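Letter by letter, the chains look like this.
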Amino acid sequence: MLLDTFGRVATDLRVSLTDKCNLRCSYCMPPEGLEWLPGPELLTDDELVRLVGVAVSLGVTEVRFTGGEPLLRRGLVSIVERVGALDPRPKMSVTTNGIGLAKVAPALAAAGLDRVNVSLDTLDRERFVTIARRDRLADVLAGMAAAADAGLTPVKINAVLLRGVNDDEAVPLLRWALGEGYRLRFIEQMPLDAQHGWDRATMVTADEILARLGESFDLAPVAGDERGSAPAEEWLVDGGPGRVGVIGSVTRPFCGACDRVRLTADGQLRNCLFAREESDLRSAMRAGATDDDLAARMKASLLAKLPGHGIDDPGFLQPARPMSAIGG
Ligand code: SAM
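Since the structure is predicted, the reported quantities are computational estimates derived from the model, not experimental observations. (Residues numbered from 1 in each chain as written. Predicted model: local features only at pLDDT ≥ 70, side-chain atom pairs only at ≥ 80, totals over all residues. Heavy atoms only, no water.)

Student: Please explain the nonpolar core as it appears in this structure.
Tutor: One broad trend across soluble globular proteins is that nonpolar side chains are buried collectively. Among the nonpolar cores identified, the biggest contains 98 residues, and Phe65 and Phe186 are the most heavily contacted of them. Broken down by element, the residue count for this core peaks at seven residues, all from helix H1 (residues 45-57). (Core = buried A, V, L, I, M, F, W, Y, C linked by side-chain atoms within 4.5 Å. Buried < 20%, exposed > 50% of the residue type's maximum accessible area, 1.4 Å probe, protein only. Helix = DSSP H or I, 4+ residues; strand = E, 2+ residues; numbered from the N terminus.)

This is the structure we're talking about:
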């Protein structure tokens, strides 16, 4: 088991497939992009599947492929197929910006993918260009529709609200998502951007989002025990069955129930999104480590997991890697 000293068990592995992305969302990356990881440092498909297999042998039951933009990984469909062949088979999902999803959704579904999360912060084309610095809204919408058609459901939508940019879109986004049958979740902006431009004072908080939604919808909390270790608190909208989630990572941290662990595209295990230390599984593997050695390293990494991400601590330091290089 991947147990930590606070009694939490990691069962949900987030695997970054690449640090590269084809968008440049202002709260994530600078316009010019970043210095990408050198090719030889990236895990090969075989290495990646092997590490996921070791994690599954230690009790991981859910695998989320992310990045960077995971659809940019050439071997994605085959990786999904191979991870789906592990015993016991983990549940598999992808977090994507949706670009290219329209084309690949049927193949992903056929390979055994269960679901997708698609990121979308605005329904307005010009705003999309302002936020993501690329004119790709139509591709994202087409990707979501194709995912739903392929049965990669429920299609969950992740939205980040930015003050003065799209914070008036909470209600329109929810109305639209309910109409399309997508599950919308708002994520508080976190201090994980490469530019270090996050400012708590201007962050749109979970309370604000709920207040805005509450002006147009009747929100009833979904019974507490349904949340479990899920990051999103959920509300039934207008009596249900539609619902909306809010991931208040900063103002409503859920570290006490965290069941996540992360593997970066260059083979570093991170016990927290905000961890400042990593366990170098790639070097160990390339130096001949056995599966038992790798399992021991994974367990040791989890034993060092801190009780919380510490954003509110006076001494909080943003991790050296930005979200795109960790795997969001
Ligand atoms: N490229 C994929 C995508 O767009 O979903 C996967 C990686 S992306 C880093 C994963 C999620 O992290 C997206 O929903 C994105 O909006 C979110 N994200 C990125 N930077 C963030 C930040 N500073 N605070 C909160 N969420 C952030």
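Moving on, there is more to tell.
Student: Help me understand the environment of valine 165, please; the structure alone is not making it clear to me.
Tutor: Within the element layout of this structure, valine 165 appears in the loop between strand S5 (156-160) and helix H6 (170-180). We classify valine 165 as partly exposed; its relative accessible area is 28%. Placed 154 residues apart in sequence, valine 165 and threonine 11 show a C-alpha to C-alpha distance of 36 Å. Setting aside residues no more than four positions away along its own chain, valine 165 makes contact with Arg127 and Ile131. (Contact = heavy atoms within 4.5 Å.)

Student: When you look at helix H4 (residues 125-132) in this model, what are you seeing that I'm missing?
Tutor: An α-helical turn contains 3.6 residues, so a residue and the one three or four places further along point in the same direction. Residues Phe128, Ile131 and Ala132 constitute the buried set of H4. Projected onto a plane normal to the axis of H4, the buried residues spread over an arc of 75° and lie on a single side. Exposed residues lying more than 90 degrees from the buried face of H4 are Glu126 and Thr130. Here the buried face of H4 lies against helix H5 (137-149). In the stretch just after H4, arginine 133 is the one whose phi turns positive, near 60°. (Arc of directions from axis to C-beta.)

Student: It is not clear to me how the packing of H1 against helix H2 (residues 76-84) should be interpreted in this structure. Could you clarify?
Tutor: How two helices pack is summed up by the angle between their axes together with the distance between the axes. Look at H1 against H2: their axes get within 10 Å of each other, and the N-to-C directions meet at 30°. Judged on the interaxial angle alone, H2 and H1 are roughly parallel. Considering only the axes of H1 and H2, their crossing is right-handed. Across the interface between the two elements, Asp45, Asp46, Leu48, Val49 and Val52 of H1 pack against Ile79, Arg82 and Val83 of H2. Partitioned by chemical class, the residues of the contact of H1 with H2 number five nonpolar, no polar and three charged. (Axes fitted to C-alpha atoms, helices over the stretch in contact; angles between N-to-C directions. Parallel < 35°, antiparallel > 145°, perpendicular 65-115°, else oblique. Left-handed = near helix turned anticlockwise from the far one by under 90°. Nonpolar A, V, L, I, M, F, W, Y, C, P; charged D, E, K, R; others polar.)

Student: Please explain the packing of aromatic side chains as it appears in this structure.
Tutor: Given two aromatic rings, their pairing is described by the distance between the two centres and the angle made by the two planes. Throughout the structure, instances matching the rule amount to two aromatic pairs. Ring centres of tryptophan 176 and tyrosine 182 lie 5.5 Å apart, and the angle between their planes is 65°; on these two criteria the pair is classed as edge-to-face. The buried category is assigned to tyrosine 182, whose relative accessible area is 7%. Consider the rings of phenylalanine 274 and phenylalanine 316, whose centres lie 6.0 Å apart with planes at 65°: the pair is edge-to-face. Of this pair, phenylalanine 274 sits in the loop between strand S11 (268-270) and strand S12 (279-280) while phenylalanine 316 is found in the loop between helix H9 (291-303) and helix H10 (323-326), placing the two residues 42 residues apart along the sequence. Judged by its relative accessible area of 7%, phenylalanine 274 falls in the buried class. (Phe/Tyr/Trp six-rings, centres within 6.5 Å; stacked < 30°, edge-to-face > 60°.)

Student: Just checking my understanding: could you explain the sheet that holds strand S9 (residues 243-247) for this structure?
Tutor: Backbone-to-backbone hydrogen bonds join strands into a sheet, with any given pair of strands oriented parallel or antiparallel. Pairing in this open sheet of twelve strands is mixed, and the strands run S7-S8-S9-S6-S5-S4-S3-S2-S1-S10-S11-S12 from one edge to the other. Looking at strand neighbours, the two that pair on one side only are strand S7 (219-221) and S12, the edges of this open sheet. As paired strands, strand S8 (residues 233-237) and S9 are joined by four bridges and run antiparallel to one another. Along S9, the bridge assignment pairs glutamate 234 with glycine 245. Sheet strands touched by H1: strand S1 (12-16), strand S2 (62-66) and strand S10 (260-263). Its angle to S1, the strand with the most contacts, is close to 170°. Across the face of the sheet, helix H7 (residues 206-216) comes into contact with strand S6 (183-187), S7, S8 and S9 while running at roughly 160° to S9. (Pairing = 2+ DSSP bridges.)

Student: I keep staring at the site of the ligand and nothing clicks. Help me out?
Tutor: In the vicinity of the ligand, 17 residues are found, and the nearest of them are Tyr27, Gly68, Glu69, Ser119 and Met190. Separating a nitrogen atom of the ligand from a backbone N or O atom of glycine 68 is a distance of 2.9 Å. At 3.3 Å, a backbone N or O of threonine 96 approaches an oxygen atom of the ligand. Protein chains shield 94% of the accessible area of the ligand, which is 550 Å² for the free molecule. Across the shell around the ligand, the residue classes break down as five nonpolar, ten polar and two charged. (Near = heavy atom within 4 Å. Polar contact = N/O pair within 3.5 Å; in protein donor to acceptor, adjacent residues only side chain to side chain. Areas by Shrake-Rupley, 256 points an atom, 1.4 Å probe, with all protein chains shown as cover.)

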